[in-house]
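Residues per chain, in single letters:
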Amino acid sequence: MAPRQFSTVLAVLSISAAAIALAGCAPEPERSPQTDTGDSPAPTASREPSADGSGAPESAASEFDASAHSLDDPASIWVVTNKTRPLQPIDFAPDDLVMPAGVENEFAQPLREPAARAVESLVAAAASAGIDVRIISAYRDYATQVALYDGYVSRDGADAADTYSARPGHSEHQTGLVVDFDDHGECYLAGCFGDTPAGVWLAEHAAEHGFIVRYPDGKQDVTGFMPEPWHFRYVGTELAAEMRESGVTTLEEFFGLPSAPRYVP
Ligand SMILES: [Zn+2]
């Protein structure tokens, strides 16, 4: 983590602030984002498990291969991590972190190479459409999440901390495949970002560049996290397109994985 951000985090941890709801994100809590603002449930669709019992969905309309990448390997672009699926090993760190080029990056955090290239194309496309966005969080390592989470627990207790901060090893940001966006507006890490022109544009076009909205409205009981319209997960263009086409909005539902509303004690 960048020294600037780390010092910011430590400063924030030392003060008493209102509880925030940045399930997977929560690196810059001084911005006091609002909590649960999901007011328009995302469209839902159900997929039948495959007949072979693998749990992978069948795709009758295309040749999409739902077993093309591992869901368990932390280095897989399809890894699914949530409150019941910690990264294995829990202190996993990617080996292909790079800085996205030509993209404003508030805390100079890297991404895995394929995600970085995809962010570059996404942000360039946004700019062409008159949408100005910047990165406000990307890769965070295990040690950073330990410091963040332990600080929140010390301040608010574990029950409260679990409502807004991912436990170490459970944060998607540790995969290096996640980016949080902002538009320099008033909805920094806040639910209202989804209603801004930038949030609307990103939700509509992210899939073209391989990203999904990982924590959509109305899916808290599946993902374990409140809506985070700023949090985009790279999964590659094939899966993003397939999810878009199928109408299935969460990785858990798409791959037939159990819902993960809470941690297993
Ligand atoms: Zn995030």
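Residue positions are counted from 1 within each chain, in the order its sequence is given. Restriction of local features to residues with pLDDT of at least 70 applies here, the model being predicted, together with a cutoff of 80 or more for giving and counting side-chain atom pairs; totals for whole chains, interfaces and linings are based on all residues.

Peer 1: Which parts of the structure should I look at to understand the sheet that holds strand 4 (residues 178-182)?
Peer 2: In sheet architecture, strand pairing relies on hydrogen bonds along the backbone and comes in two forms, parallel and antiparallel. At least two DSSP bridges between two strands are needed for those strands to be called paired. Numbering of helices and strands starts at the N terminus; helices are DSSP runs of H or I of at least 4 residues and strands are runs of E of at least 2. Strands sit in the order 3-4-6-5 across an open sheet of four strands; the sheet is antiparallel. Edge strands, defined here as strands with exactly one partner in the open sheet, are strand 3 (134-137) and strand 5 (211-213). Strand-to-strand twist across the sheet, computed as the mean angle between neighbouring axes with direction ignored, equals 45°. Of the strand pairs in this sheet, strand 3 and strand 4 are connected by three bridges, and their pairing is antiparallel. By the bridge assignment, Ile135 is partnered in strand 4 with Phe181. In this description, a line fitted to the C-alpha atoms serves as the axis of each element, helices being fitted only across the stretch in contact, and the angle between N-to-C directions of two axes falls anywhere from 0 to 180 degrees.

Peer 1: Looking at this model, I keep getting lost on the pairing of strand 6 (residues 231-234). Mind explaining?
Peer 2: Two faces make up the sheet, and in a regular strand the side chains alternate between them. Residues His231 and Arg233 of strand 6 are buried on one face, and the alternating residues Phe232 and Tyr234, pointing to the opposite face, are buried as well. Direction of pairing for strand 4 relative to strand 6: antiparallel, over a ladder of three bridges. If you follow Val179 over to strand 6, its bridge partner there is Phe232. For every residue, the other C-beta atoms within 10 Å of its own C-beta are counted; 20 or more classify it as buried, 12 or fewer as exposed, and values in between as partly exposed. C-beta atoms are placed from the backbone.

Peer 1: Help me out: how do you make sense of helix 2 (residues 113-128) in this one?
Peer 2: One turn of the α-helix equals 3.6 residues, which is why residues spaced by three or four share an orientation. A helix is expected to span 1.5 Å for every residue after the first. The first and last C-alpha atoms of helix 2 sit 23 Å apart over 16 residues, in line with the 22 Å expected at 1.5 Å per residue. Of all the residues in helix 2, the buried ones are Ala115, Ala116, Ala118, Val119, Leu122, Val123 and Ala126. Looking straight down helix 2, one finds that the buried residues subtend no more than 160° of arc, so they occupy a single side. Facing away from the buried side of helix 2, by more than 90 degrees, are the exposed residues Ser121 and Ser128. Backbone geometry just after helix 2 places Gly130 at a positive phi near 85°. Comment: arc refers to directions from the helix axis out to C-beta atoms.

Peer 1: Please explain unusual backbone geometry as it appears in this structure.
Peer 2: Glycine aside, the phi torsion of most residues is negative, and most peptide linkages are trans. Looking along the chain, the bond that leaves Gln88 and enters Pro89 is cis, with omega of 5°. If you trace the backbone, Pro89 turns up in the loop between helix 1 (3-13) and strand 1 (97-98). Even without being glycine, Ala108 reaches a positive phi, approximately 50°. We classify Ala108 as partly exposed; it has 13 C-beta atoms within 10 Å.

Peer 1: Explain helix 7 (residues 237-246) to me, please; I cannot follow it from the model alone.
Peer 2: Every buried residue belonging to helix 7 is among Leu239, Ala240, Glu242 and Met243, and all of these are buried. Down the axis of helix 7, the sector holding all buried residues measures 165°, keeping them to one side. One or two residues past the end of helix 7 sits Gly247, with phi positive at roughly 80°.

Peer 1: Explain the environment of Gly151 here, please?
Peer 2: Residue position: Gly151 is located in helix 3 (residues 142-156). Each C-alpha atom, one on Gly151 and one on Ala161, is 9.0 Å from the other, the two residues being 10 residues apart in sequence.

Peer 1: Mind showing me how you'd approach the environment of Met243 here?
Peer 2: Looking at the element boundaries, Met243 is found in helix 7. Considered as a pair, Met243 and Phe254 are 11 residues apart in the sequence and their alpha carbons are 7.3 Å apart. Sequence-distant contacts of Met243, defined by excluding residues within four places in its chain, comprise Ile212, Val248, Thr249 and Phe254. Contact criterion: two residues are in contact if their C-beta atoms, reconstructed from the backbone, are within 7 Å.

Peer 1: Help me understand the nonpolar core in this model?
Peer 2: Taken as a class, soluble globular proteins show a tendency for nonpolar side chains to be buried jointly. The term nonpolar core means buried Ala, Val, Leu, Ile, Met, Phe, Trp, Tyr and Cys residues held together as one set by C-beta atoms within 7 Å. Val119, Val179, Phe181, Ala206, Phe211, Ile212 and Phe232 are the most contacted members of the largest nonpolar core, which totals 47 residues. Put simply, the parts of the chain that give this core at least two residues each are helix 2, strand 3, strand 4, helix 5 (197-205), strand 5, strand 6, helix 7 and helix 8 (251-254). Broken down by element, this core gets its largest block of residues, seven residues, from helix 2. Residues within four places of Phe232 in sequence aside, it is in contact with Val178, Val179, Phe181, Leu202, Ala206, Phe211, Ile212, Val213 and Arg214. If you look at the next biggest cluster of nonpolar residues, it comprises five residues, including Leu148, Tyr149, Ala161 and Tyr164.

Peer 1: Please clarify how the environment of Arg134 should be interpreted in this entry.
Peer 2: You can see Arg134 is positioned in strand 3. Once the C-alpha coordinates of Arg134 and Asn105 are considered, the two residues, 29 residues apart in sequence, prove to be 5.9 Å apart.

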